[in-house]
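# Secondary and tertiary structure notes
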Amino acid sequence: MTKDELRAELERQAQRYKDVYGGEVITYAAQPDPDRKPWRKKPSLLDQAFEKEIEKIEKEHQDKQDAADEAAS
């Protein structure tokens, strides 16, 4: 069944419903699909461990910098 045949069949059924039952047919446009979110990689365990190590190294570096600043004062 092609789209045109389907449209004709639906129009015929809607007209028959109006004629036989005296009802009203309301047609709605299809709702658009929601926009897809951009793909993001889920971090693996290795990625998470690497991030923790980086944070630990940065914290140690910051602590050393703070200690050096206090000693210079």
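Described below are features of the structure shown in this document. (Residues numbered from 1 in each chain as written. Predicted model: local features only at pLDDT ≥ 70, side-chain atom pairs only at ≥ 80, totals over all residues. Heavy atoms only, no water.)

This paragraph deals with the overall build of the protein. Tallying secondary structure elements over the protein gives 2 helices and 0 strands in all. Expected size for 73 residues packed as a compact globule is a radius of gyration near 11 Å; at 34 Å, the protein overshoots this value by more than 25%. Dimensions of the protein, computed from the C-alpha atoms along their principal axes, are close to 95 × 30 × 15 Å. Taken across its 73 residues, the protein has 1% of its residues classed as buried. (Helix = DSSP H or I, 4+ residues; strand = E, 2+ residues; numbered from the N terminus. Rg over C-alpha atoms; globule rule 2.2 N^0.38 Å. Buried < 20%, exposed > 50% of the residue type's maximum accessible area, 1.4 Å probe, protein only.)

This paragraph deals with a nonpolar patch on the surface. A cluster of nonpolar side chains, contributed by Y17, V20, Y21 and V25, occupies part of the molecular surface with about 410 Å² of accessible area. Among the secondary structure elements, V20 is positioned in helix α1 (residues 3-21). Overall, the relative accessible area of 52% leaves V20 in the exposed class. (Patch = residues over 30% accessible without salt bridge, like charges linked within 9 Å, V, L, I, M, F, W, Y side chains within 5 Å. Areas by Shrake-Rupley, 256 points an atom, 1.4 Å probe, with all protein chains shown as cover. Salt bridge = Lys/Arg side-chain N within 4 Å of Asp/Glu carboxyl O.)

Along the polypeptide, G22 turns up in the loop between α1 and α2 (45-72). In this structure G22 comes out as exposed when scored by relative accessible area, which is 63%.

The next point concerns the pattern of salt bridges. In this structure the tally under the stated criterion is 5 salt bridges. For the salt bridge of D4 with R7, the shortest nitrogen-to-oxygen distance reads 3.4 Å. Taken as a pair, D4 and R7 lie in helix α1 at a separation of 3 residues, close to a single helical turn. The exposure classification of D4 matches that of R7, with both residues exposed.

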